[in-house]
Amino acid sequence: MKDLYFITSNKGKYKEVANKLIEADFKVIQKNLGYPEVQANSLEDVVNFGVSYILERFHKPFIIEDAGIFIKNLNDFPGVYSADVFYKIGCKGILKLLDGIKKDRGACFKSVIAYVNSDKQIHVFAGECFGHIGFEEVGDNGFGYDPVFIPKCENKTFAEMTVDEKNRFSHRGNSLDRLLGFIKE
Ligand code: IMP
């Protein structure tokens with residue numbers, strides 16, 4: 001097994017990533033290094049800034065990830081602001097913003113992962129998951145907006161799924177599949 005550090009403070013993300021990368025014989029180690037999440041226009045910019053910060057301080061192969069939820073009816077809000085918005089208003093606040101909207105509740109989760117290998121080469125992979133925002137919080141699993149997000153063609157929220165199940169549908173599962181494809185090549 002090869003060691004791969006995942007620089008994150010988020011245990012939920014860590015579980016999902018570790019569960020997926022074990023397929024490629026990676027032992028994922030969570031490292032809470034703390035890096036600045038700049039306010040940028042895209043998840044890619046956040047990740048690229050994070051990588052350059054970490055590269056100066058950490059010298060083993062690692063990945064970082066940035067994600068967000070883009071709600072169609074709210075002009076893609078909260079998007080890159082998802083972390084701050086979750087901290088301030090949480091799932092309840094999102095449900096309130098969509099109060100009275102019956103049909104047009106489409107949303108997309110996006111994930112961008114940067115993989116830095118032992119030669120310090122940087123490879124970036126993106127993934128997304130389309131779905132909609134439910135009418136109430138349902139489920140106890142997962143983290144963040146999971147209790148209000150229902151992926152397309154499903155009738156349960158991410159928070160009602162196991163890690164395995166969520167990985168099959170999710171934005172993160174998707175970007176990790178791309179990373180795995182690259183590693184296996
Ligand atoms: P970040 O990638 O840690 O900056 O996360 C942005 C925000 O989106 C945080 O509030 C997370 O909790 C939330 N978030 C990121 N990924 C997911 C997910 O897979 N499910 C639910 N919420 C998520």
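We now turn to the structure provided with this report. (Residues numbered from 1 in each chain as written. Predicted model: local features only at pLDDT ≥ 70, side-chain atom pairs only at ≥ 80, totals over all residues. Heavy atoms only, no water.)

Focus on the pattern of salt bridges
At step 1: If you walk through the whole model with that rule in mind, you get 9 salt bridges.
At step 2: Among the ionic pairs, K13 bridges to E65, the shortest N-O distance being 2.8 Å. Taken together, the positions of K13 in helix α1 (residues 11–21) and E65 in strand β3 (residues 62–71) put the pair 52 residues apart, joining distant regions of the chain.
At step 3: Of the residues examined, K13 reaches a relative accessible area of 12% and is grouped as buried. (Salt bridge = Lys/Arg side-chain N within 4 Å of Asp/Glu carboxyl O. Helix = DSSP H or I, 4+ residues; strand = E, 2+ residues; numbered from the N terminus. Buried < 20%, exposed > 50% of the residue type's maximum accessible area, 1.4 Å probe, protein only.)

A short note on the packing of aromatic side chains
At step 1: In this structure the tally under the stated criterion is 8 aromatic pairs.
At step 2: When the centroid spacing of 5.0 Å and the interplanar angle of 75 degrees are considered together, the rings of F86 and Y145 count as edge-to-face. Residue F86 is located in helix α3 (residues 82–97), and its partner Y145 is located in the loop between β6 (122–133) and β7 (149–151); the two are separated by 59 residues in the primary sequence.
At step 3: Here the aromatic rings of F149 and F158 are separated by 5.0 Å at their centres, their planes lie at 45 degrees, and the arrangement is tilted.
At step 4: An aromatic cluster of three or more residues is present, and its members are Y5, F58 and F62.
At step 5: Cation over ring: R57 sits above Y53, and NZ or CZ is 3.6 Å from the ring centre.
At step 6: Over the ring of F135 we find R105; its NZ or CZ atom is 4.1 Å from the centre of that ring. (Phe/Tyr/Trp six-rings, centres within 6.5 Å; stacked < 30°, edge-to-face > 60°. Lys NZ or Arg CZ within 6 Å of the ring centre and 35° of its normal.)

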